[in-house]
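Structural description and commentary
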Amino acid sequence: MITILLIPIVTSLLCYLMKNHRVTGYLSLAGSIALAGFSVPLIVSSVSMPLEIMNGMLYMDALSAYIMGLIVFLSLASSLYSIQYLEHELHAGLTNPVAVRRYYALFHLFIFTMLFVVVSNNLALMWIAIEATTIVSAVLIGLGFRKRELAIEAAWKYIILCTVGIIFALLGTFITYYASTAVVGTDGVLNWTSLRNIADKLNPATMKLAFVFVLVGYGTKAGLAPLHNWLPDAHSQAPSPISALLSGILLNTAFYGIIRFMSIVAPSTGAEFTGNLLMIFGMISIVLSSIFILVQSNYKRLLAYSSIEHMGIISLGAGIGGPVGMYGALLHILNHALSKPLMFFASGKIQAAYGSTRIENVRGVLTSMPLLGTLSFIGALSLAGTPPFNIFISEFTVIKAGVDKGAWLVIGFFLLSIVAVFYGIIAGFGKMLFNSNQQSAISSQRSAENGTLSGLLSNGIMIVMAVLIIVLGLHVPDAVETIIEACIGIIGRG
């Protein structure tokens, strides 16, 4: 576990010290490959046998392993994509070699902070790790190579709102510690494993207050409405590989914190209390984002609002609860972590080719760049919840859980919202993909770039992600079923 935390730190340092910017990208990739190689055995073993070190400060179980697996995969995918992305930005004169070194150094520090979140057993340590993700990712957002002023503005908005929000989570952590002192004595506990064992003895009124603070605090970082204001600006202004990490996994690490608290609050307050709050925040996020998706003229902001919608779906599934609802929420975390990064990768290539993020300025992508157009089409269909793609399966599972629970009003609003989202995404990306406007210069330029090693790596990982989207829409592999069922067992335990 310590080795896994050290690898991104060492990689970050080496990338910063490397003088040759062309080599730096491949050094970054080597670090991501090493991280994957060392983490996979630990992830597999943690599913069946939790691991605890440093007197219980660091801990891994199936839930940690699930989120860690996504972090490791997306860090590798973003490393592969970043090489060509930064080569293009350098060639276009939008950045310089020093900024490239800083990018890769911060990139791996960002990975470290997210890994630190999921291995922290101590709730205060987890809070520190989540705040650290804010600081590092804010600097990455501020690197926004094309419109630096807007990127810096978005970074400041992000760091201020999320830092203010996460103070509420800190208060919730303090209140939880106070509640534990009434059970174990003056020396309370903050380790999740210890709190889980005494969860049913904690004072219900105190834990209700703690959960409200935690939900508001970590909900701000997870992009749940109405605390989402930072997200559209940050995701749309950040470099595309960073947007992919922000949307695909950073939001999930914040929600991971909510899930951990859920499992220690519900035994004392009852699952209905935490469930109702999560459903309220989830539905607000889904309905509000669906409205903004319908009126977007910027495709990166459209994707950002889509992230708010999907975090709302995850919150709704967790709020409905039960084995089916929680299964839908956890499966949706995986599905969204594949589909949204693919679309941010595609949007980065489209922006590089057309020089604009406005939908009206992009036409004929399928004609001028058939591979990119096809991958974008697959990603758009998935995000829109179209069968037989992966997100349809998890959305349908959440709907089934709501029907089984008799939450007809909630499901009714949910169905209306996802219909609006379907129209908004298909209409927006449909104009970009299908409207005829062949641009041979763009086609030639992209063909030349795609023929390089970095282009092949970039396209290769996007193809892999598109294939996974289709496969998960047809069948959920047994390995995924096993780890999700193990996670449900952990969350449901008192």
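Here, every reference points to the structure presented above.
Here goes a summary of the coordinates provided. Quantities reported herein were computed from a predicted structural model and do not represent experimental measurements.

**Notes on empty space enclosed by the protein**
As enumerated under the stated definition, the model contains four cavities of 30 Å³ or more in all. Estimates place the volume of the largest cavity at around 70 Å³. In this structure, the largest cavity is lined by His21, Arg22, Gly25, Ile83, Leu86, Glu87, Leu90, Val100 and Tyr104. Elements supplying a minimum of two residues to the lining of the largest cavity: helix H2 (21-48), helix H3 (62-91) and helix H4 (97-119). Ranked by residue count, the leading element in the lining of the largest cavity is H3, at four residues. Considered class by class, the residues forming the lining of the largest cavity number five nonpolar, two polar and two charged.

**Digging into the nonpolar core**
Grouped together as the largest cluster of nonpolar side chains are 156 residues, with contacts concentrated most on Tyr218, Leu330 and Phe429. If you tally residues by element for this core, the top one is helix H13 (residues 322-354), at 17 residues. For Phe429, the residues in contact, after removing those within four places along its chain, are Tyr299, Leu302, Leu303, Met343 and Ala380.

**Focus: the environment of Gly373**
Turning to its location among the elements, Gly373 is positioned in helix H15 (residues 370-383). Placed 56 residues apart in sequence, Gly373 and Phe429 show a C-alpha to C-alpha distance of 9.8 Å. Excluding residues within four positions of it along the chain, Gly373 makes contact with Val365, Leu366 and Leu433.

**Quick look at the layout of surface pockets**
Roughly 580 Å³ of internal volume is contained in the largest pocket. Residue lining of the largest pocket: 19 residues in total, with Gly69, Leu70, Phe73, Leu334 and Val480 positioned closest to the centre. Looking at the lining of the largest pocket, the elements that each hand over two or more residues are H2, H3, H13, helix H19 (453-474) and helix H20 (478-492). Take the lining of the largest pocket: its biggest share by element is six residues, from H3. For the lining of the largest pocket, a count of residues per class yields 18 nonpolar, one polar and no charged.

Each value, and the rule that gives it
- Residues numbered from 1 in each chain as written.
- Predicted model: local features only at pLDDT ≥ 70, side-chain atom pairs only at ≥ 80, totals over all residues.
- Heavy atoms only, no water.
- 1 Å grid on protein atoms, 1.4 Å probe; cavity = no way out; pocket = protein on both sides within 12 Å on 5 of 7 lines; lining within 4 Å.
- Points joined across faces, edges and corners; volume = space filled by probe spheres on them.
- Helix = DSSP H or I, 4+ residues; strand = E, 2+ residues; numbered from the N terminus.
- Nonpolar A, V, L, I, M, F, W, Y, C, P; charged D, E, K, R; others polar.
- Core = buried A, V, L, I, M, F, W, Y, C linked by side-chain atoms within 4.5 Å.
- Buried < 20%, exposed > 50% of the residue type's maximum accessible area, 1.4 Å probe, protein only.
- Contact = heavy atoms within 4.5 Å.

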